Amino acid sequence: MFRYRWQCTHNECPRYYNPKPQPGCFWEEELKSCCPSRMVCKNNLAKCVYNGVTYKENNRFYTFRGASCLKCLCTPSFNGTLMEPWCTKIGCDLELHGGEHLAKGCAPIYSKNFCCPIDWRCPDPEDAVRQADPRGIATSEGAGQCKFGDLMLNVGESVLPDLEANCKCNIPPYVVCTSS
């Protein structure tokens, strides 16, 4: 079964062709729209507080509800709940946007502040396996393994060197990386 997804292209948005808004004005974003809808001018911007972080009106932020990634927009009516009309579920569509990297056996690199990968870590002939700390996650070949290039990692093991990201076998069969 085929899945299709709408993808925005910003080259048709008026904000990218018009001069910078005058002080006190901004292009108003809409949660499910590719382009800002209109120019808004006002002195007192609303503030939204979520998870101890304050966002200004018209700022987007990303968070999780369970395993779902959410894109949220700070508006004057935001009440702190992660539901519409303030938040919407998004998908990263790794197969579509990262197909070339996945075909090469690369692993996505995630950052704390983003739902979708910020970069990719591809296998290198110099890579090696860092054994898991015996005091940490229990490793067992019966628990499954992750393949990364020519390496096979047991659960809890990671890829060396870890210069730009910590790449680890947490849930086989895929290695997942987090930015350092």
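Per-chain numbering applies: the sequence of each chain, read as written, is numbered from 1 onward. Reporting of local features is limited, given that this is a predicted model, to residues whose pLDDT is at least 70; pairs of side-chain atoms are given and counted only at 80 or more, and all residues count toward the totals for whole chains, interfaces and linings. As a rule here, side-chain values come from all non-hydrogen atoms in the structure, and water together with hydrogens is ignored.

Some points on the overall build of the protein chain
To keep things clear, this is the line we draw: For the purposes of this entry, the term helix denotes a DSSP run of H or I that reaches at least four residues, the term strand denotes a run of E that reaches at least two, and both are numbered from the N terminus. Burial here depends on accessible area, computed with a 1.4 Å probe over protein chains only, as a share of the maximum for the residue type. Under 20% is buried, over 50% is exposed, and the range in between is partly exposed. Here, two residues are considered to be in contact whenever any of their heavy atoms come within 4.5 Å of each other. Where accessible areas are quoted, they stem from the Shrake-Rupley method and a 1.4 Å probe; at the residue level, only the protein chains shown are allowed to cover.
The number of helices and strands found in the protein chain is 2 helices and 15 strands. The 180 residues of the protein chain split such that 32% are buried. Long-range contacts, defined here as pairs at least 24 residues apart, represent 39% of the contacts in the protein chain between residues at least 6 apart. By element, 53% of the accessible surface of the protein chain is carried by carbon and sulfur atoms, the whole surface being about 12,300 Å².

Brief notes about the nonpolar core
As a reminder of what qualifies: What makes a nonpolar core is a set of buried Ala, Val, Leu, Ile, Met, Phe, Trp, Tyr and Cys residues whose side-chain atoms join them at distances within 4.5 Å.
Ranked by internal contacts, the top residues of the largest apolar core, which has 13 residues, are Phe 148, Leu 153, Val 159, Cys 167, Val 175 and Cys 177. Going through the elements one at a time, β8 (107-110), β11 (145-148), β12 (151-154), β14 (165-171) and β15 (174-179) are the ones with two or more residues in this core. The greatest single-element share of this core, amounting to 3 residues, is contributed by β14. Sequence-distant contacts of Cys 177, that is, excluding residues within four places in its chain, are made with Ala 107, Pro 108, Ile 109, Tyr 110, Arg 121, Ala 165, Asn 166 and Cys 167. Judged by nonpolar contacts, the second largest core, of 11 residues, contains Tyr 55, Cys 74, Phe 78 and Leu 82.

So, the pattern of salt bridges
We count it as follows: Salt bridges are defined by distance alone: a side-chain nitrogen of Lys or Arg within 4 Å of a carboxyl oxygen of Asp or Glu.
Throughout the structure, instances matching the rule amount to 8 salt bridges. Glu 100 is the partner of Lys 104 in a salt bridge, and the nearest nitrogen-oxygen pair spans 3.6 Å. Here the salt bridges share partners, and the residues they tie into one network are Arg 121, Asp 127 and Glu 164.

Some remarks on the state of the cysteines
Put simply, the test is: Here, a disulfide means two cysteine sulfur atoms that sit within 2.5 Å of each other.
Under the defined criterion, the tally for this structure stands at 6 disulfides. Two residues share a disulfide in this structure: Cys 25 and Cys 41, whose sulfurs sit 1.9 Å from each other. Residues Cys 25 and Cys 41 are joined by a disulfide whose S-S torsion is about 105 degrees; by sign, that bridge is right-handed. Note that Cys 25 is positioned in strand β1 (residues 25-28) and Cys 41 in strand β2 (residues 38-41), a separation of 16 residues in sequence. Across the disulfide, Cys 106 is cross-linked to Cys 122 (sulfur-sulfur distance 2.0 Å). Where Cys 106 bonds to Cys 122 through sulfur, the torsion about that S-S bond is close to 95 degrees, and the disulfide is right-handed.

Let's talk about unusual backbone geometry
A cis amide bond links Glu 84 to the next residue, Pro 85, at an omega of 15 degrees. With respect to the secondary-structure elements, Pro 85 resides in the loop between β6 (68-73) and β7 (87-90). Note the cis peptide between Leu 160 and Pro 161, where omega equals -5 degrees. Topologically, Pro 161 is positioned in the loop between β13 (158-160) and β14. If you check the backbone angles, Asn 51 has positive phi at about 55 degrees while not being a glycine. By relative accessible area, Asn 51 is classed as exposed at 67%. For Asn 58, which is not glycine, the phi torsion reads 80 degrees and is therefore positive. Tracing the backbone shows Asn 58 in the loop between β4 (53-56) and β5 (60-65).

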